[in-house]
Amino acid sequence: MSLIEKLQWRAAVKKFDPSKKLSAAQLDTLLSAVQLAPTSLGLQSFKVIVVQDAETKEKLRAVGYNQPQITDSSALFVFASLTTLDEDFGKKFIDLVAATRGIERASLEGYEQMVLGTLSSRSDEQKVAWSHKQAYIALGVLLSAAADLGVDAAPMEGFDAEKFDEILGLKEKGLTTSVIAAVGFRAEDDQYSKMIKVRRPKEELFIHI
Ligand SMILES: Cc1cc2nc3c(=O)[nH]c(=O)nc-3n(C[C@H](O)[C@H](O)[C@H](O)COP(=O)(O)O)c2cc1C
């Protein structure tokens, strides 16, 4: 299948088959895809909590508008933004760049100033909103990577973020929930994935200049 055929196949599945689980290799491929998602300045100011524990999924479903995808999928990916992006966070990122590329930290001074300047010019609220946007890019990469693997991934915003934070203990970890995705395998009788995909025509969606 071509990429476009795979994207046609993918769907925001409503009914997962709870007996079908991701293999360790499939899960690892999806984690790699999320890890490789691009982010602004490369900061990756979010974490992803991968929930496979049945009891935790039950609790999350109760505050996720009782959506069955949360419990019936194999793994629930919870994208959570960091709530503090301070100078220390920026400096540690530059440490990582220097160590990964094996270069002198001093050679990254200009980059460091740009990172620290960007962080200090935004309020905490703006930084969290910015991190949420980065998390959504990673969500998009996850959805495409899952389609490539023939794995179902259903993006979801229908949940109470504050309650998710409470159940997962995110506040203490300096995190807050951005968006979630249920990942697994569609049930044979999932009706949604059998429906014709609805998309606006290209003439309406794109403006060529
Ligand atoms: C950010 C986001 C949040 C969504 N939230 C939900 C949700 O809470 N529950 C749900 O059933 N579908 C949810 N959807 C699925 C969309 O309704 C679906 O992607 C859209 O109708 C297009 O269908 P398709 O993904 O099957 O092509 C969400 C999709 C996105 C991208």
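Just above, that's the structure.
Criteria and thresholds
Residues numbered from 1 in each chain as written. Predicted model: local features only at pLDDT ≥ 70, side-chain atom pairs only at ≥ 80, totals over all residues. Heavy atoms only, no water. Near = heavy atom within 4 Å. Polar contact = N/O pair within 3.5 Å; in protein donor to acceptor, adjacent residues only side chain to side chain. Areas by Shrake-Rupley, 256 points an atom, 1.4 Å probe, with all protein chains shown as cover. Nonpolar A, V, L, I, M, F, W, Y, C, P; charged D, E, K, R; others polar. Salt bridge = Lys/Arg side-chain N within 4 Å of Asp/Glu carboxyl O. Helix = DSSP H or I, 4+ residues; strand = E, 2+ residues; numbered from the N terminus. Buried < 20%, exposed > 50% of the residue type's maximum accessible area, 1.4 Å probe, protein only. Pairing = 2+ DSSP bridges. Axes fitted to C-alpha atoms, helices over the stretch in contact; angles between N-to-C directions. Contact = heavy atoms within 4.5 Å.

Colleague: Is there a simple way to think about the site of the ligand in this case?
Modeller: Around the ligand, 14 residues are found, and the nearest of them are Gln 67, Glu 157, Tyr 192, Lys 197 and Arg 199. Pro 155 is positioned with one of its backbone polar atoms (N or O) 3.2 Å from a nitrogen atom of the ligand. Summarising the interface, the protein chains cover 68% of the accessible area of the ligand, which totals 620 Å² for the free molecule. Grouping the amino acids of the shell around the ligand by side-chain chemistry returns 6 nonpolar, 3 polar and 5 charged.

Colleague: Would you mind going over the pattern of salt bridges with me for this structure?
Modeller: Two side chains carrying opposite charge are able to pair once their charged atoms lie near each other. Counted according to the given criterion, the structure contains 10 salt bridges. Across the pair Asp 152 and Arg 186 runs a salt bridge, and its minimum N-O distance is 2.7 Å. Pair noted here: Asp 152 is in strand β3 (residues 152-156) and Arg 186 is in the loop between β4 (175-184) and α9 (202-205), with a separation of 34 residues, a long-range link. A single burial state applies to Asp 152 and to Arg 186, both of which are buried. Members of the salt-bridge network, linked through shared partners, are Asp 95, Arg 105 and Glu 112.

Colleague: Before we go on, may I ask you to explain the sheet that holds β4 in this structure?
Modeller: One key point about sheets: their strands pair by backbone hydrogen bonds, in either a parallel or an antiparallel sense. The strand order across the open sheet formed by 4 strands is β1-β2-β4-β3, and the pairing between neighbours is antiparallel. Because the sheet does not close on itself, it has two edges, and the strands there are β1 (46-51) and β3. The mean inter-strand angle of the sheet, taken between neighbouring strand axes irrespective of direction, is 25°. Contacts between helix α7 (residues 124-149) and the sheet are confined to β1, β2 (75-82), β3 and β4, with β4 contributing the most and set at about 10° to the helix.

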